[in-house]
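Architecture at a glance
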Amino acid sequence: MTYTPQKPPLPVSVDELRSRIPGWGVDLNPKDRPAVPKERFDLEATGAHWDFPERQLEKWPRERSIEHGMLPPVFGTSCPPRGISGAIRKYAYARYSEGRAAHWLLLLAADRVDAVEHHLRSLLTTHPDNPITETGVWAEFTHHGMASRFGQKRADLAHQPLDPVIVAGPWVAAGGAAYVGARKLAKAMSSSNGHA
Amino acid sequence: MRAMVYRGPYKIRVEEKDVPPIEHPNDAIVRVTMAAICGSDLHLYHGMMPDTRVGMTFGHEFIGVVEQVGSSVQNLQPGDRVMVPFNIFCGTCFFCARGLYSNCHNVNPNATAVGGIYGYSHTCGGYDGGQSEYVRVPFADVGPSIIPDWMDDEDAVLLTDACPTGYFGAQLGDIVEGDVVVVFGAGPVGLFAAKSSWLMGAGRVIVIDHLEHRLEKARTFAHAETYNFTDYDDLVVHMKKITDYLGADVAIDAVGAEADGSFLQQVTSAKLKLQGGSPVALNWAIDSVRKGGTVSVVGAYGPLFSAVKFGDAMNKGLTLRMNQCPVKRQWPRLFEHVRNGYLKPSDIVTHRIPLEHISEGYHIFSAKLDGCIKPLVIPNAA
Ligand SMILES: NC(=O)c1ccc[n+]([C@@H]2O[C@H](COP(=O)([O-])OP(=O)(O)OC[C@H]3O[C@@H](n4cnc5c(N)ncnc54)[C@H](O)[C@@H]3O)[C@@H](O)[C@H]2O)c1
Ligand SMILES: [Zn+2]
Ligand SMILES: [Zn+2]
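Structural notes, computed from the coordinates. Keep in mind that this is a model prediction, so the values were computed, not measured.

Counting buried positions along helix α12 (residues 358-366) of chain B yields nine of nine residues, so the element is predominantly enclosed. For α12(B), every residue scored as buried is listed here: Ile358(B), Ser359(B), Glu360(B), Gly361(B), Tyr362(B), His363(B), Ile364(B), Phe365(B) and Ser366(B).

Okay, here's the thing in structure tokens:
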């Protein structure tokens with residue numbers, strides 16, 4: 001009992017568990033557990049018919065961790081880096097290993113810049129970002145937003161009010177950037193008018 | 001095609017995109033018939049995962065029909081109904097050769113510390129995912145399996161991540177007969193970990209969460225003893241009380257980076273992104289397990305450092321075991337368990353959402369509305 005050698009008794013005996021719970025103990029023997037042992041050398045198991053796979057075509061210089069000795073043969077091709085966020089990302093990959101906090105903090109910063117860049121760009125399209133539809137907050141009304149929260153003992157209610165702040169952040173930043181840009185433009189126009 | 005697209009933290013929409021092309025001779029293009037949203041997707045959705053790019057399509061749990069195959073594909077043909085593990089892996093690198101499929105070295109240029117995962121940021125390889133009508137599946141001869149005739153689609157889609165991950169989490173606990181196992185988190189992964197712990201011979205399975213509807217599921221689906229951590233001023237003391245002050249033999253962290261229970265930890269991680277993840281559940285696991293015990297971590301954390309109570313883990317002589325789940329390695333045994341009725345993965349599905357309404361789906365799952373436990377996503381072309 002903790003302060004003495006034997007383990008405290010179980011509330012329900014093993015025999016009772018076996019009869020009560022379907023499949024109790026079927027994987028009791030570690031030999032029956034597929035993840036045991038952790039490493040198990042077995043090339044037959046995978047279906048691969050190569051020693052080293054053929055290389056996928058690199059259609060643009062693929063950013064990669066400097067902890068890699070070469071570009072791996074296969075990689076994702078979603079969202080090539082572009083704009084200011086792309087420049088930050090390329091720098092983070094080229095300069096810092098995964099072991100450095102700077103690598104990850106730059107990538108996180110690039111993510112925030114990426115969001116602002118896309119919001120600004122979307123305003124010039126026929127499909128601008130829509131915070132109401134994109135956040136899915138409408139579900140609050142259709143899926144019991146109130147009842148799911150109140151009268152419950154949920155620990156996450158304390159910080160949920162911060163979520164709209166995070167959502168509004170890029171809009172505020174984009175608005176600010178647009179405002180500063182417009183002012184600069186107005187200034188430049190008035191000063192060039194002055195010279196005319 | 002229609003595809004879910006990330007637009008920045010908490011924002012997603014459905015857009016028209018090109019059907020992905022074959023990029024490699026062993027690629028397949030799969031028409032998705034059913035997908036799911038995973039707790040891991042929430043870390044992306046909340047903007048926590050570095051290098052999550054606007055325009056990416058998420059989704060690493062999906063099944064579908066093979067539409068097209070590359071020139072070197074031998075094991076699949078157009079028309080085959082397939083389930084696809086969330087891991088992208090080559091089958092022959094140093095790690096794959098040893099069964100560490102989730103740690104493949106040939107599929108992710110962006111990071112060496114993590115393998116390839118569908119729709120899971122550039123940090124996991126920059127692949128678009130399956131919350132869309134079509135998806136590119138690399139290494140088609142290695143990853144996917146044909147869905148057995150007897151298997152339900154909803155069971156199949158849950159076997160691509162949530163169910164094997166929970167089962168794997170229980171295995172990482174190295175459970176021996178009669179062990180007291182405590183599972184933190186009654187989300188999909190925690191529910192499957194709790195259920196699987198019995199299969200390994202646990203003597204007592206305890207589940208901790210703060211969402212009553214999920215704890216209810218832990219009692220009915222996973223036969224677990226449950227506690228709501230908000231009922232206790234100090235959960236660790238409560239854990240000691242209910243284990244004769246010994247502590248559990250095994251603790252499983254099925255919560256990960258957005259753990260609640262400490263405002264400071266939660267806000268510095270999930271909101272301010274100053275830590276890789278909020279280690280509240282991990283720290284509770286370390287402090288609730290007995291000396292010499294095992295902590296199994298399947299909850300996911302970001303690549304930045306987290307404020308983990310490492311000193312306690314060291315002083316207690318704990319074994320810490322963890323990984324992304326190598327899904328395909330679990331399949332043959334898990335298929336038997338499903339067939340024998342020991343596990344019914346689809347029992348935890350609560351919502352079936354059309355792809356066009358996926359923004360609401362994410363909000364419901366993220367804000368834990370409407371008793372949500374596991375939402376599925378149904379593409380239009382399904
Ligand atoms: N290792 C892998 O291969 C793998 C695979 C899938 C998911 N995951 C990770 O597993 C975790 C869980 O996934 P899920 O789909 O079940 O997510 P989920 O968000 O649905 O579930 C998490 C649960 O933890 C609860 N919780 C929060 N703080 C807690 C605390 N301090 N103590 C106890 N419970 C707490 C939440 O209320 C929620 O019910 C995520 O981090 C996910 O990224 C890892
Ligand atoms: Zn997942
Ligand atoms: Zn590999």
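Once that is clear, we can look at the coordination of the zinc ion (ligand 2). The expected angle between donors at a tetrahedral four-coordinate metal is 109.5 degrees. At an octahedral six-coordinate metal it is 90 or 180 degrees. All names here are of chain B. Within the protein, Cys 38 (SG), His 60 (NE2) and Asp 161 (OD) serve as the donor atoms for the zinc ion (ligand 2), at 1.8 to 2.3 Å. Mapped onto the sequence, the donors of the zinc ion (ligand 2) take the spacing C-x21-H-x100-D. Within this pair, whereas Cys 38 is found in the loop between β3 (28-36) and α1 (39-45), its partner Asp 161 is found in the loop between α3 (153-158) and α4 (162-172), the two being separated by 123 residues in sequence. You'll find Cys 38 and Asp 161 in the same group, each marked buried.

When two helices pack together, their arrangement is given by the angle between their axes and by how far apart the axes lie. Residues and elements named next belong to chain B. Viewed as axis vectors pointing N to C, α4 and helix α5 (residues 188-199) meet at an angle of 50 degrees, and their least axial separation amounts to 7 Å. The angle between α4 and α5 falls in the class oblique. Our pair here, α4 against α5, has a crossing hand that is right-handed. Residues Ala 162, Cys 163, Thr 165, Gly 166, Tyr 167 and Ala 170 of α4 pack against Pro 188, Val 189, Phe 192, Ala 193, Ser 196, Ser 197 and Leu 199 of α5.

Residues and elements named next belong to chain B. Applying the stated criterion to the full structure yields 15 aromatic pairs over all chains. Counting every residue linked through ring pairs, the aromatic cluster contains Tyr 6, Tyr 10, Tyr 45, Phe 58 and Tyr 362. Over the aromatic face of Phe 221 sits the side chain of Lys 195, whose NZ or CZ is 5.0 Å from the ring centroid. Taking NZ or CZ as reference, Lys 368 lies 5.3 Å from the ring centre of Phe 365, over its face.

A cluster of nonpolar residues, Leu162(A), Val165(A) and Phe263(B), forms a patch on the protein surface that exposes about 270 Å² of accessible area. Along the chain, Val165(A) turns up in helix α7 (residues 163-195).

About the cut-offs
- Numbering of residues starts from 1 in each chain and follows the order in which that chain's sequence is written.
- Starting at A for chains and at 1 for ligands, labels are handed out in the order in which the entities are written.
- Note on the predicted model: pLDDT of at least 70 is required for a residue's local features to be given, and 80 or more for side-chain atom pairs to be given and counted; whole-chain, interface and lining totals, by contrast, use all residues.
- The basis for every side-chain value is the complete set of heavy atoms in the structure, and neither hydrogens nor water enter the calculation.
- Relative accessibility decides the category of a residue: with a 1.4 Å probe and only protein chains considered, values under 20% of the type maximum give buried, values over 50% give exposed, and everything between is partly exposed.
- Here a helix means four or more residues in a row that DSSP labels H or I, a strand means two or more in a row labelled E, and each is numbered from the N terminus.
- For Na, K and Ca the donor cut-off is 3.2 Å; for every other metal, N, O and S atoms count as donors within 2.8 Å. Water does not enter the count, which can leave sites looking incomplete.
- Note on geometry: axes are lines fitted to C-alpha atoms, helical ones only across the stretch in contact, with angles between N-to-C directions running from 0 to 180 degrees.
- Working definition: roughly parallel below 35 degrees, roughly antiparallel above 145 degrees, roughly perpendicular at 65 to 115 degrees, and oblique for all remaining angles.
- A crossing counts as left-handed when the near helix is turned anticlockwise from the far one by less than a right angle, and as right-handed when that turn is clockwise.
- Contact definition: two residues touch when any of their heavy atoms are within 4.5 Å.
- Think of it this way: a Phe, Tyr or Trp ring, Trp meaning its six-membered ring, pairs with another when their centres are within 6.5 Å, and the plane angle makes it stacked under 30 degrees, edge-to-face over 60, tilted otherwise.
- In this analysis the charged atom, NZ for Lys or CZ for Arg, is taken to sit over a ring once it is within 6 Å of the ring centre and within 35 degrees of the ring normal.
- Patches draw on residues past 30% relative accessible area with no salt bridge. Two like charges within 9 Å are joined, as are two nonpolar side chains (Val, Leu, Ile, Met, Phe, Trp, Tyr) within 5 Å.
- Note on areas: Shrake-Rupley with a 1.4 Å probe; residue coverage comes only from the protein chains shown.
- Whenever a carboxyl oxygen of Asp or Glu lies within 4 Å of a side-chain nitrogen of Lys or Arg, that contact is scored as a salt bridge.

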